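# Tertiary structure, described
What follows is the residue order along each chain.
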Amino acid sequence: NNLGIKERIGFGESYYDHSIPSRIHNVALTATRINYTIVAPEKEFSFNKTVGEVSSATGYKPAYVIKDGATVLGDGGGVCQVSTTLFRSLLDAGLDITLRLPHSYRVSYYELDKKPGFDATVYDGNVDLRFINDTDNYILIYTETDSTNLYMKVELYGTSDGRTTEISDHKTWGYSNPLPPVYVPDESLAPGQLKQIDWAASGIKASFKHTIRDKNGEIIKEKTYYSNYRPWAAKYLQGI
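Below: a short report on this structure. (Residues numbered from 1 in each chain as written. Predicted model: local features only at pLDDT ≥ 70, side-chain atom pairs only at ≥ 80, totals over all residues. Heavy atoms only, no water.)

### Some points on the sheet that holds strand 10 (residues 164-176)
Adjacent strands of a sheet pair through backbone hydrogen bonds, lying either parallel or antiparallel. What counts, and what does not: Being paired, for any two strands, means DSSP has found at least two bridges between them. Helix numbers and strand numbers start at the N terminus; a helix is a DSSP run of H or I with at least 4 residues, a strand a run of E with at least 2. Note on geometry: axes are C-alpha line fits, over the in-contact stretch for helices, and angles between N-to-C directions span 0 to 180 degrees.
The strand order across the open sheet built from 3 strands is 10-13-14, with neighbouring strands paired in antiparallel fashion. For this open sheet the edge positions go to strand 10 and strand 14 (219-229), each flanked by a neighbour on one side alone. Mean inter-strand twist for the sheet, computed between neighbouring axes without regard to direction, equals 10°. Where strand 13 (residues 203-213) meets strand 14, 10 bridges bridge the pair, whose relative direction is antiparallel. Looking at strand 14, one finds that H210 is bridged to K223.

Right under this line is the structure:
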């Protein structure tokens, strides 16, 4: 409490039904990497710097990731589940989000409980999620994952200064049809057996307005978040 960490100021949650076991493992591992992180006043938090190296050497398992427009096995599939959930908690807390990038296509996990546009992708370097602690007290990041029910949450603790937040004016436009299904040969499956690893998604543009008000109801900051998702194909592993 001497750091001013005494109450919950932000909450975010997400679901990840249909995830393969290695992705479930990576979600839980990534959540532990940012769990109990303390961010001092006026300091900027970087998701990538806090998580550190994402590779088999640091405990990650191969899971399906998007690379060069194809679904391939790569270390760290599932990391963005955690960055997306953190982004939602930052919106709820009304903190100063300095960098957020949307995915290039709609990810089914992130629309299980939300409309399109409430995701945050991360990768090496500047494909990052960052925020500044613009409160007068320290902030504690707390994460919890449920690998059975495929649910996670991020809670932010600090001292409320009375600010409130509102999300409004959600819009979608520019619809385009999903791409045709893609079949990826897999020797581990019986000949002809199919296993779906990615779900078709239409292309769409999305936006929403995020309004932060102080304790007197005056607007501190108002920002519109934009996402531009290209169409995507369902992908299946096919036994050979």
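### Observations concerning the sheet that holds strand 12 (residues 194-198)
Sheet architecture is open: 3 strands sit in the order 11-15-12, paired in mixed fashion. Two strands bound the open sheet, and with one partner strand each, they are strand 11 (179-186) and strand 12. With strand direction ignored, the average angle separating the axes of adjacent strands in the sheet is 30°.

### Digging into helix 3 (residues 79-93)
Rule in force here: Take the number of residues in a helix, subtract one, and multiply by 1.5 Å to get its expected span. Accessible area is worked out with a 1.4 Å probe on protein chains only. A residue is then buried under 20% of its type maximum, exposed over 50%, and partly exposed in between.
Between its first and last C-alpha, helix 3 extends 22 Å over 15 residues, near the 21 Å set by a 1.5 Å rise per residue. In terms of burial, helix 3 is a largely internal element, 14 of the 15 residues being buried.

### Here's the deal with the pattern of salt bridges
Using the following cut-off: Any carboxyl oxygen of Asp or Glu that lies within 4 Å of a side-chain nitrogen of Lys or Arg is treated as forming a salt bridge with it.
The tally for this structure, following the rule as stated, stands at 12 salt bridges. With a shortest N-O distance of 2.8 Å, E111 and R106 are connected by a salt bridge. For E111, a relative accessible area of 26% gives the class partly exposed. One salt bridge connects D134 with R163, and the closest N-O pair in it is separated by 3.1 Å. Linking D134 in the loop between strand 7 (130-132) and strand 8 (139-146) with R163 in the loop between strand 9 (151-158) and strand 10, this pair joins segments that are 29 residues apart in sequence.

### A word on the side chain of R106
In plain terms, the rule: Throughout this description, a polar contact denotes any pair of N or O atoms lying within 3.5 Å of each other; where both atoms belong to protein, one of them has to be capable of donating a hydrogen while the other can accept it, and for residues adjacent in sequence the pair is counted only when both atoms sit in side chains. Should any heavy atoms of two residues lie within 4.5 Å, those residues are counted as being in contact.
Secondary-structure assignment places R106 in the loop between strand 6 (96-99) and strand 7. A distance of 2.5 Å separates polar atoms of two side chains, one belonging to R106 and the other to S202. Discounting residues that sit within four places of it in the chain, R106 has contacts with E111, P116, A201, S202, I204 and Y229.

### Concerning helix 1 (residues 21-34)
The terminal C-alpha atoms of helix 1 lie 21 Å apart, and with 14 residues this matches the ideal 20 Å at 1.5 Å per residue to within 8%. Within helix 1, 10 of the 14 residues are buried, which leaves it mostly tucked inside the rest of the structure. Listed in full, the buried residues belonging to helix 1 are S22, R23, I24, N26, V27, A28, L29, T30, A31 and I34. After helix 1 finishes, the residue Y36 shows a positive phi value of roughly 65°.

### Some words on the packing of aromatic side chains
Going by this rule: Working definition: rings of Phe, Tyr and Trp (its six-membered ring) pair if their centres are within 6.5 Å, and the pair is stacked with planes under 30 degrees apart, edge-to-face with planes over 60 apart, and tilted otherwise. A ring is considered to have a charge above it if a Lys NZ or an Arg CZ atom is located within 6 Å of its centre and within 35 degrees of its normal.
In total, this model carries 9 aromatic pairs according to the counting rule given. With centroids separated by 4.2 Å and ring planes inclined at 15°, the aromatic side chains of F118 and F208 adopt a geometry described as stacked. One end of the pair, F118, is in the loop between strand 6 and strand 7; the other, F208, is in strand 13, with 90 residues separating them in the sequence. Note on F118: relative accessible area 7%, which makes it buried. Taking relative accessible area as the criterion, F208 reaches 1% and is therefore assigned buried. Clustering of aromatic rings is evident, with ring pairs tying together F87, F118, F208 and Y225. Between R23 and the ring centre of Y109, over which it is positioned, the NZ or CZ distance is 3.7 Å.

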